[in-house]
Amino acid sequence: MDYCPHTTQDIIQMQAVIGVTSLDDLFADIPQKFRLKQIPNIPAALSEQQTVAVLSDLARKNKLPQLTLTGAGAYHHFIPAVVGHIISRAEFYTAYTPYQAEISQGILQAIYEYQTMIAHLTGTEIANASMYDGASAMAEAAVLCAKMSNRTKIIVAGSVHPEYRQVVRTYSWANGYTIAEIPYTASGQLDQAALQNELDNQVAAVLVQSPNFFGVIEDVASIVDVAHKKGALLIAGFTDGTALGILQPAGAVGADFVVGEGQSFGNPLNYGGPYLGIFAAREKFMRRIPGRLVGATVDKNGKRGFVLTLQTREQHIRREKATSNICSNEALCALAAGVYLAALGKNLRKLAEINIYKTQYLKNKLLQLKGWREVFTAPIYNEFVLRCPNPRLTNEKLKNEGIIGGYELQKYYPELENTLLFCATEMISKEDIDRVATILKSRV
Amino acid sequence: MDLIFEISKGGRNAVDVSASDVPSVKIEPVIDKKYLRAELDLPEVAEIDLIRHYTNLSRRNFGVDLGFYPLGSCTMKYNPKVNENVAALPGFTEMHPYVPAEFAQGNLQLIYEMQQYLCGIFGMAEFTLQPAAGAHGELTGIMMIKKYFENKDQKRRFILIPDTAHGTNPASGALCGFDTVTLRSNSEGGVDIEHLQSLMTEDVAALMLTNPNTLGLFERNIEKVAQIVHDKGGLLYGDGANANAFLGKTRPGDLGFDVIHLNLHKTFSTPHGGGGPGSGPVGVAAKLTDYLPIPRIVKKKQEYNWSDKFPDSIGRMRSFYGNFNVVVKAYTYIRSVGAEGLTRATEMAVLNANYIKEKLKPYFDLPYDRVCMHECVFSGKRQVAESGVHTTDIAKRLIDYGYHPPTVYFPLIVPEAIMIEPTETESKETLDAFCEAMIAIAAEAKENPDCVKNAPLTTPVSRLDEVLAARKPDVCWKKAD
């Protein structure tokens, strides 16, 4: 099938208007020797019914787990029905970037509302319209800090998500910046003494995450002080956005930037994407931050309306002097996040509490298993690290029952052998957790 | 319209959070009080009010499903509904990115095959689907170029960028530490070969070329251009924003491009979502495959897996594997239309652009009068001279006629530019009606210029004050004291 409505007659008439006799004449600028006869490697076209069958087969080749006990940067949360209904409206999803404000007030106002909710949640004054994901948001914040300060060193807590650290490393290498990683202590929090040692007048920014990759809540307030004393800016990430429903946001204790993954707010797991990068900052950075910003203004009759604003920051105006090259963002995911947050409202706190209940219940159940113990001592939100006799065998047992177990930390932390990172959200029932405990108690 | 905050009323909510089936615990013994937030000020609205709020907002938004959207360089083609349906299958949407590979063989096969298809369509050795959008793909591509020269121990400082390029090009170059140098266009709208020859030294890492360029014109001297760049050991980078112009007709890999990024949300029919999510795959020639971002997919016998064992890789560009669900839609599109459908899409897109160009030529200045590819670029200069009506006014007036305006004031080398990209999914009737509207506006500009200058007259707001928005920025709502 194809989606071109022209009849043969249409094509003939249009060719006559153009003054060509064949479609080939329109491609005369392509040198003959480079003309392609046929695209290789593409299977034959399908009817719509066949297309559905082929894609359904592929979807079925995946084995959907019954239960997932891994978070590690992507979180399984309930998505209220309203979210899907709103983002499925074609007025939203088939639109382009709202450059023509008069016919884009819908998405512009929705993003303005999203920016407001995010700024509040993160404890900052401003938020942009979204970045690609949590990792690239953190990397772009780091690059921005270096560019603003003319400093070339970036400090990253080792407890930040390993993939985020990799992305920060890639962006920093490309810009010629160096990276130093700070270890964590027995509490699972950043080692502040080590941070003190590493800080010098070349450090542009300190990057932490709270909750961090281990699920541990960092003492952001005191890290902010340490960083600021040496003139470094503080970039604080987070893991599961629902934590912001109950935890003191980093912006409220002085972080300069709060960046992180917004997937938890109404976006499905989708095997890793599309998600949305949350990017929030202090007001004084408004004219420097990357990405689109929606601003309120008035029209020629004095009516309130919304436009993309401060575009002189952006690549299409500033070109090589822009601090970021971002153009497309994740607008529809941000819309989903906005609808989600508006739908939950103050219930976001209750949801966060339920995540804590479930997590405590799971943790206590697992700690009853022989040889299992806690690794870190600092408080946690909905993820935690346990040491167990045999992580591989543990996950194998669960896998045989269709359950995705914990994340094996040894992949990125060789010193954390025999440990698993678990996550429990509101999607996991007591029955699920009891079943997991029963499975793990049994001998193979 | 009221803001969601303005309709909020304490005590309402749209979603009841499920009751907990595990014992509740006291929060403060678990989490120290200093880590807890004091207040949570989110909107409180009933479900019906929430739905009406966002539904009414949607009615103030224009999408492809509402009407013609000839936004140049953005390829606003129809977004097939079957793509949306299959991408919503739980097998795709409910999968956690860290499931063991054996749970995700369907996803991995889809990604692997998509890479193969793109290699076939564009003539590249390998593709990565990790970048989240076109500009992210650009950054990935330029980083690979940087790494390529680093590994050769060559310090090259410059990247050449034509004056017609998208703004993302110079920004991407600068973000990888390169200095960008502007390359002039010739009188035909193509690369000024002499200027290229004078700029191309062994200090130049790459030329970033959009072909066809943003004037909608195919680079006739592409072979020569590639040769000049390659002779000095440089690389040729392709901005694939305009790939809809040549599917099945020619391949960047055959033309000499070493790296190319695509926009699945342009060429391969995935919806743009009001500004994203997109997806920006990057294809490379054989000499650059070692530098692709990690992780990469590997196939052993019939089994797929992720691997990050590529020591020369530039590293990772984002978390996980890319905008997978967008890739599902683009894969679905390629499978449903097949090779012939892709070729036909290009033929019809080019036919439509040339048809509009011929129909409007008598009424608007056409700075480069030759056969165009998938888009054509007019100038509003004549209207400015005759009646003081600017391109902005024409664009705003088109809104009153029910159309999304074309891209305006881009490319920068055309004064008062009007860049029209009709795409292949529009019927002759739609194109004819659009041309009649443009012709009517040209007449209005002469006879009643004020009506054009005051447009749009039919929208809830008109001509927003952008200067005020930038001078006194208000990007977050605050409660009135």
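Residues numbered from 1 in each chain as written. Chains lettered and ligands numbered in written order. Predicted model: local features only at pLDDT ≥ 70, side-chain atom pairs only at ≥ 80, totals over all residues. Heavy atoms only, no water.

### Description of the overall build of chain A
No. 1: For chain A, the count of helices and strands is 14 helices and 15 strands.
No. 2: Seen through its principal axes, chain A has C-alpha atoms that stretch 80 × 55 × 50 Å.
No. 3: Of all 444 residues assigned to chain A, the portion counted as buried reaches 68%.
No. 4: Excluding contacts between residues fewer than 6 apart, the proportion of contacts in chain A whose partners are at least 24 apart in sequence is 72%.
No. 5: Mean positive and mean negative side-chain charge positions of chain A (43 and 41 charges, respectively) differ by 4 Å. (Helix = DSSP H or I, 4+ residues; strand = E, 2+ residues; numbered from the N terminus. Buried < 20%, exposed > 50% of the residue type's maximum accessible area, 1.4 Å probe, protein only. Contact = heavy atoms within 4.5 Å. Lys, Arg positive; Asp, Glu negative; His and termini not counted. Charge placed at Lys NZ, Arg CZ, Asp CG, Glu CD.)

### Details of the domain arrangement of chain B
No. 1: Domain annotation for chain B reports domain 1 (1-60), domain 2 (82-336) and domain 3 (344-467).
No. 2: Measuring from the centre of the C-alpha atoms in domain 1 of chain B to the corresponding centre in domain 2 of chain B gives 41 Å. (Domains from an automatic or database assignment.)

### Details of the packing of aromatic side chains
No. 1: Per the counting criterion, the structure on display carries 37 aromatic pairs over all chains.
No. 2: Every member of this aromatic cluster is reached through a ring pair, and the members are Y184(A), F213(A), F214(A), Y275(A), F376(A), Y407(A), Y413(A), Y98(B) and F320(B).
No. 3: Residue placement shows K146(B) over the ring face of F178(B); its charged tip is 5.7 Å from the ring centre.
No. 4: Stacked on the ring of F27(A), the Lys or Arg K249(B) has its end atom at 4.8 Å from the ring centre. (Phe/Tyr/Trp six-rings, centres within 6.5 Å; stacked < 30°, edge-to-face > 60°. Lys NZ or Arg CZ within 6 Å of the ring centre and 35° of its normal.)

### Notes on helix α15 (residues 428-447) of chain B
No. 1: End to end, α15(B) covers 28 Å across 20 residues, agreeing with the expected 28 Å (1.5 Å per residue, within 8%).
No. 2: Of the residues making up α15(B), those classed as buried are K428(B), L431(B), D432(B), F434(B), C435(B), A437(B), M438(B), I441(B), A442(B), E444(B) and A445(B).
No. 3: The inward-facing, buried residues of α15(B) contact α1 (8-18) of chain A together with α12 (324-360), α13 (381-387), α14 (391-400), β12 (417-420) and α16 (449-453) of chain B. (Expected span 1.5 Å × (residues − 1).)

### Description of the interface of chain B and chain A
Bring the parts together and some accessible area is lost; that lost area is often taken as the interface size.
No. 1: Contact with chain B, which involves 205 residues of that partner, is made by 185 residues of chain A.
No. 2: Buried surface at the junction of chain B and chain A, both sides included, amounts to about 17400 Å², of which 63% is carbon and sulfur.
No. 3: Between chain B and chain A we count 13 salt bridges in total.
No. 4: Where K396(B) meets E102(A), a salt bridge forms, and the shortest distance between an N and an O atom there is 2.7 Å.
No. 5: Our count for the chain B to chain A interface comes out at 99 residue pairs in polar contact (both at pLDDT 80 or more). (Buried area = accessible area lost by both parts, 1.4 Å probe. Salt bridge = Lys/Arg side-chain N within 4 Å of Asp/Glu carboxyl O. Polar contact = N/O pair within 3.5 Å; in protein donor to acceptor, adjacent residues only side chain to side chain.)

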